[in-house]
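These are the residues of each chain, in order.
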Amino acid sequence: MSSQTSSHKPRVAVVFGGRSSEHAISVLTAGAVLRAIDRDKYDVLPIGITTDGRWALTADDPERMAIADRRLPSVAELAESAEGGVVLPVDPTNREVVYTEPGSVPKALGEVDVVFPVLHGPYGEDGTLQGLLELSGVPYVGSGVLASAVGQDKDYMKRVFTSFGLPVGPYEVIRPREWDNDPAAARKKIVDFAAEHGWPLFVKPARAGSSIGITKVDDLGGLDEAIEEARRHDPKILVEALLRGREIECGVLEFADGPRASVPAEIPPVSAHDFYDFDAKYIDSAAGIVPAPLSAEETAAVQKLAVAAFEAASCEGLVRADFFLQDNGEFVINEINTLPGFTPISMYPRMWQESGVSYPELIDRLLQAALERSTGLR
């Protein structure tokens, strides 16, 4: 870290936006995080990444990072310049962030002590940004390269969980080469899976989130369209069997003595939507129930599984773990999110609020943990 005196406030770069299909959700999250950071304790530098990958200097204006009239925000609208770029040096001896514009002398923006990445999806949540920050020697909030990559790729996530003995539901994977070389054989693979596990199926991008690109397929007639929609977001797709039961979520937060689980939440069926899709989450603001109406035994079981998933994937900082409580009373883990949403309606902060950790305290705890943790092998 840069040298600190008693008067020095740690400088936090909040990095948001990004190149994934979850760009707008990241902007929403950034707005909520910027509102919550204690400005008496931290200096803040907002850095937005546009959908084409430009790192832009943006205004520190959370009010503009919100849904307005069902319209999602973007970094391009928040950037102070249409051409200027922010450069983070890949040099662990230099934390100086520089801003450049065509035809102008580069401007030093000062050193950064810690990065709070609120990027969702590929090119941010998947280990790519974490690798850049490791090379730069800059501490950051959340999981490292491996855990971030595992948490983003649902195929390998499930493989890791299975290897640790954690319960996952039936699934099939269609890799890019399979579809490109022989789509008929890839389609038959899915049809055979449906013959074994039944319709409906869920077809989804293997490395996306926020329920983007997911289609519930009731029969063979909707399969090709669902595959095409998933492949718009990721050439690698995942096919999952329908798990009948209740959707339960649980937050995990790392404390000095190790990870702890929050009270769980339940996502009730959404009458206006076929499942808990993007519009249900963010546009129509379908509300989860916190805490979930579970028995003490069920609560303890899902909390234990959430921490086990956190440990299995070598996560750090925070995770939201999503489960199905099946009709037979058994939990199945669906996925983890290593950088879950922090919007005002997001489940992760709501679960911790109910567990006694306020939103500002949650942000502060994550930043302090990142500042205390070294980069590199650990």
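Here the structure is a predicted model, which is why all the values come from computation and not from measurement. (Residues numbered from 1 in each chain as written. Predicted model: local features only at pLDDT ≥ 70, side-chain atom pairs only at ≥ 80, totals over all residues. Heavy atoms only, no water.)

(A) Structural context of a nonpolar patch on the surface. Together, Val191, Trp199 and Leu220 make up an exposed nonpolar region whose accessible area comes to about 240 Å². Topologically, valine 191 is positioned in helix H7 (residues 183-197). (Patch = residues over 30% accessible without salt bridge, like charges linked within 9 Å, V, L, I, M, F, W, Y side chains within 5 Å. Areas by Shrake-Rupley, 256 points an atom, 1.4 Å probe, with all protein chains shown as cover. Salt bridge = Lys/Arg side-chain N within 4 Å of Asp/Glu carboxyl O. Helix = DSSP H or I, 4+ residues; strand = E, 2+ residues; numbered from the N terminus.)

(B) Looking closely at the environment of glutamate 178. Mapped onto the elements, glutamate 178 comes out in helix H6 (residues 176-181). In this structure glutamate 178 comes out as partly exposed when scored by relative accessible area, which is 27%. Taking the C-alpha atoms as reference points, glutamate 178 and serine 20, 158 residues apart in sequence, are found 23 Å from one another. Once residues within four sequence positions are removed from consideration, glutamate 178 is found in contact with Val173, Pro183, Ala186 and Lys189. (Buried < 20%, exposed > 50% of the residue type's maximum accessible area, 1.4 Å probe, protein only. Contact = heavy atoms within 4.5 Å.)

(C) Seen up close, helix H11 (residues 347-354). Buried residues of H11: Met347, Tyr348, Pro349, Met351 and Trp352, and no others. On its buried face, H11 sits against strand E12 (245-255), strand E13 (258-261), strand E14 (265-267), strand E15 (318-326) and helix H12 (359-372). Of the residues flanking the end of H11, it is glycine 356, one or two places downstream, whose phi is positive at about 100°.

(D) Highlighting the packing of helix H1 (residues 23-36) against H12. Closest axis-to-axis distance for the H1/H12 pair is 9 Å, and the angle between their directions is 95°. The angle between H1 and H12 places the two elements in the roughly perpendicular class. Every residue of H12 that contacts H1 at Ala32, Val33 and Ala36 is listed here: Tyr359, Pro360 and Ile363. Looking at side-chain class alone, the contact of H1 with H12 contains 6 nonpolar, no polar and no charged residues. (Axes fitted to C-alpha atoms, helices over the stretch in contact; angles between N-to-C directions. Parallel < 35°, antiparallel > 145°, perpendicular 65-115°, else oblique. Nonpolar A, V, L, I, M, F, W, Y, C, P; charged D, E, K, R; others polar.)

(E) Highlighting the pairing of E12. Strand direction decides the pairing type here: E12 and E15, joined by 9 bridges, are antiparallel. From the neighbouring strand, leucine 253 faces E15, where its bridge partner is leucine 318. In this structure, E12 lies alongside E14, joined through 3 bridges in antiparallel fashion. In the strand pairing of E14, isoleucine 248 is matched with glutamate 266. As defined by bridge partners, E12 adjoins E13 across 4 bridges and the pair is classed as antiparallel. Paired with valine 252 across the two strands is alanine 261, which belongs to E13. Linking E12 back to E13 in an antiparallel pair, the connection comprises 2 residues. (Pairing = 2+ DSSP bridges.)

(F) Summary view of the side chain of glutamate 335. Inspection of the secondary structure assignment puts glutamate 335 in strand E16 (residues 331-337). Despite being buried, glutamate 335 has no salt bridge partner; lysine 154 is the closest side chain of opposite charge, sitting 4.0 Å away. For glutamate 335, the side chain forms a polar contact with the side chain of asparagine 337, separated by 3.2 Å. Apart from the residues within four sequence positions on either side, glutamate 335 is in contact with Lys154, Met157, Arg320, Ala321 and Asp322. (Lys, Arg positive; Asp, Glu negative; His and termini not counted. Polar contact = N/O pair within 3.5 Å; in protein donor to acceptor, adjacent residues only side chain to side chain.)

(G) Main features of the side chain of glutamate 316. As for its position among the elements, glutamate 316 is in the loop between helix H10 (296-312) and E15. Here arginine 378 takes part through its side chain, which lies 2.8 Å from a polar atom of the side chain of glutamate 316. Ignoring sequence-local partners within four residues, the contact set of glutamate 316 consists of Gly142, Ser143, Gly144, Glu254, Phe310, Arg373 and Arg378.

(H) Here's a closer look at the environment of leucine 135. Mapped onto the secondary structure, leucine 135 falls in helix H3 (residues 128-136). Given the relative accessible area of 55%, leucine 135 is considered exposed. In contact with leucine 135, not counting residues within four places along its chain, are Val90, Asp91 and Pro92.

Everything listed here is a matter of coordinates, which is why it stays silent on function.
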